[in-house]
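One letter stands for each residue in the lines below.
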Amino acid sequence: FAARADYYSGLEKKKSSEMTTDQFLDLVEYKAFLYFWNEANPQNGLVKDRAKNFQQDLNKSGASIAAVGFGLSAVCVARERGWITHKEARERALNTLLYFRDKIYNNHGFFYHFVDMNTGERAGINELSSIDTALFLAGALFAGEYFGGDIKKIANEIYERADWQWMMAGGPTLNMGWSPKGGFLDAWWSTYCEDLILYLLAIGSPTHPIPASIWDNVSRKAETYAGYTSIECGPLFTHQYSHIWVDFRGIHDAYADYFENSVYATLANRAYCVKELSMKFKTYSENVWGLTAGDGPNGYKAYGGSPRWFEKPDGTVLPTAPAGSIVFTPELSIAALKYMYDNYKDRIWGKYGFSDSFNLDRNWVA
């Protein structure tokens, strides 16, 4: 592990042009993995929702259930890459899944969006989240398939506990969540977004499935921008998250090939940054683009990829947008990451690689 760290420290002294593309991407991925390894509680696997990138972060409380799903997947990738040992990876996955099966609070198999990473108790006022539970479950099932044996058994037990019929809450689509005082939220997963993975898990449940026909109750509105037509949802993460665990290439339902849809959504997102926003803000350019959910100078925002959707752009760019679309637009995404690394590394590159976001117009970095 120490030798690996020295190797990547050596790479960091170079410009991207002095590395092969594989070396550069390996560096980006390794640094991102360190977040999920270092900013987690090894006893229970709970992963922070956010952490400082340039200094020690003493905040140990706020964990995100969804981040645990990403973390479980990252641990498996890290084991495959040789960044950690099989024993280390397996121990982290097993500790996490045992904690979620036996200790952390759940209601009908669903978990709170944010919890205290030490106690597992609800952190502040937040809901039992259907989508964040789904993102955790996807990571749990991923780890189960990777390790097999008792880890697979425990992951399946957690998945089978989720009562998707209950989360329908009598509506035509899945509800977004439930809270102890207010009950089910007045909000539904009724439009296309990151909810593909949610519906696949709910329809495919071996214990509490919802009818497959519910898939057709989700609205899918197509929009065209700069010649790119896609089923629209502004922030790019909505076109990325489900694809982490499901390969949609060549699979077409009555509405779309969702992999191809994400390609066009990414191209439209970039075109909006380059064609329009670059005329208003100095942050955006041909290789500095990407609108998705994340921090901005005025707090957390869901920046949208076209002028009709979500938070109005304010000059903020999020490297996770092109990075997360690397499977959809590899050449454009890699070019963007290399440019941002070479030109803004001293400001936006920290112990976990790229910071969440930056804004040149406001002289601000997340």
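Calculation notes
- Note on numbering: residues in each chain are counted from 1, in written sequence order.
- Only residues with pLDDT of 70 or above have their local features reported here, since the model is predicted, and side-chain atom pairs are shown and tallied only from 80 upward, although totals for entire chains, interfaces and linings are computed over all residues.
- Hydrogens and water are ignored here; the side-chain numbers use all heavy atoms of the structure.
- A pair of aromatic rings is counted whenever rings of Phe, Tyr or Trp (Trp by its six-membered ring) have centres within 6.5 Å, and the orientation is called stacked for planes under 30 degrees apart, edge-to-face for over 60 and tilted otherwise.
- In this scheme, a residue with accessible area under 20% of its type's maximum is buried, one over 50% is exposed, and one in between is partly exposed, where area comes from a 1.4 Å probe on protein chains only.
- Starting at the N terminus, helices and strands are each numbered in turn, a helix being any DSSP run of H or I of at least four residues and a strand any DSSP run of E of at least two.
- Salt bridges are defined as contacts in which a side-chain nitrogen from Lys or Arg sits within 4 Å of a carboxyl oxygen from Asp or Glu.
- By this rule the span expected of a helix is its residue count minus one, scaled by 1.5 Å.
- A strand pair is defined by DSSP finding two or more bridges across the two strands.
- Only the stretch in contact is used when fitting a helix axis, every axis being a line fitted to C-alpha atoms; angles between N-to-C directions are given from 0 to 180 degrees.
- Working definition: roughly parallel below 35 degrees, roughly antiparallel above 145 degrees, roughly perpendicular at 65 to 115 degrees, and oblique for all remaining angles.
- Two helices cross in a left-handed way if the nearer one is turned anticlockwise from the farther one by less than a right angle. They cross in a right-handed way if the turn is clockwise.
- The contact rule is simple, with two residues in contact once any of their heavy atoms fall within 4.5 Å.
- By the convention adopted, Pro, Cys, Tyr, Trp, Phe, Met, Ile, Leu, Val and Ala count as nonpolar, Lys, Arg, Asp and Glu as charged, and the other residues, Gly among them, as polar.

1. Focus on the packing of aromatic side chains
Considering all chains together, one arrives at 32 aromatic pairs under this definition. Measuring from centroid to centroid gives 5.0 Å for Tyr7 and Tyr8, while their planes differ by 70°, and the two rings are edge-to-face. In this structure Tyr7 comes out as partly exposed when scored by relative accessible area, which is 37%. Residue classification places Tyr8 among the buried positions, given a relative accessible area of 1%. With centroids separated by 5.5 Å and ring planes inclined at 80°, the aromatic side chains of Phe111 and Phe136 adopt a geometry described as edge-to-face. Here Phe111 is found in the loop between α4 (86–102) and β2 (114–116), whereas its partner Phe136 is found in helix α5 (residues 130–147), with 25 residues between them in sequence. Overall, the relative accessible area of 1% leaves Phe111 in the buried class.

2. As for the pattern of salt bridges
Applying the stated rule across the entire model yields 13 salt bridges. Close ionic contact of Asp102 with Arg101 constitutes a salt bridge, the shortest N to O distance being 2.7 Å. Classification of Asp102 by relative accessible area gives partly exposed; the value is 47%. Arg101 gets classed as partly exposed once you look at its relative accessible area, which sits at 28%. Here Glu157 ties to Arg101 by a salt bridge, and the two come within 2.9 Å at their closest N and O atoms. Of this pair, Glu157 sits in helix α6 (residues 149–161) while Arg101 is found in helix α4, placing the two residues 56 residues apart along the sequence. Salt bridges sharing common partners tie together Arg101, Asp102, Lys153 and Glu157.

3. What to know about helix α11 (residues 330–348)
If you check α11, its first and last C-alpha atoms are just 22 Å apart, much less than what 19 residues at 1.5 Å a residue would give, namely 27 Å. For α11, the full list of buried residues reads Ser333, Ile334, Ala336, Leu337, Met340, Tyr341, Tyr344 and Ile348.

4. Some points on the sheet that holds strand β5 (residues 183–184)
Pairing is antiparallel across the open sheet formed by three strands, whose spatial order is β3-β4-β5. Strands with a single pairing partner mark the edges of an open sheet, and in this sheet they are β3 (128–129) and β5. By the bridge criterion, two bridges tie β3 to strand β4 (residues 177–179) in an arrangement that is antiparallel. Along β4, the bridge assignment pairs Leu128 with Trp178.

5. Describing unusual backbone geometry
Trans peptide bonds make up most of the peptide bonds, and negative phi angles are found at most residues other than glycine. Unlike most non-glycine residues, Ala169 shows phi in positive territory, near 50°. By the element assignment, Ala169 lies in the loop between α7 (164–167) and β4. When its relative accessible area of 29% is taken as the criterion, Ala169 is described as partly exposed. Phi is positive for Ala226, which is not a glycine, with a value near 55°. Here Ala226 lies in the loop between β6 (222–225) and β7 (228–231). Looking at Ala226, the relative accessible area reads 38%, which means it is partly exposed.

6. Regarding the packing of α4 against α6
Viewed as axis vectors pointing N to C, α4 and α6 meet at an angle of 30°, and their least axial separation amounts to 10 Å. When the interaxial angle is binned, α4 and α6 end up roughly parallel. Judged by the sense of rotation from one axis to the other, the crossing of α4 with α6 is left-handed. On α6, the residues touching Arg90, Ala93, Leu94, Leu97, Leu98, Phe100 and Arg101 of α4 are Asp150, Ile151, Ile154, Ala155, Glu157, Ile158 and Arg161. Taken together, the residues of the contact of α4 with α6 sort by class into nine nonpolar, no polar and five charged.

7. Observations regarding helix α8 (residues 196–203)
Note: α-helices contain 3.6 residues per turn, so residues at a spacing of three or four share the same orientation. Within α8, six of the eight residues are buried, which leaves the element mostly enclosed by the surrounding structure. Taken residue by residue, α8 has Leu196, Ile197, Leu198, Tyr199, Leu201 and Ala202 as its buried positions. Those residues of α8 that are buried are in contact with α5, α6, α7 and α9 (258–276).

8. Observations regarding the environment of Pro206
Within the element layout of this structure, Pro206 appears in the loop between α8 and β6. Once the C-alpha coordinates of Pro206 and Thr119 are considered, the two residues, 87 residues apart in sequence, prove to be 31 Å apart. Excluding its chain neighbours within four sequence positions, the residues that come into contact with Pro206 are Tyr159 and Glu160.

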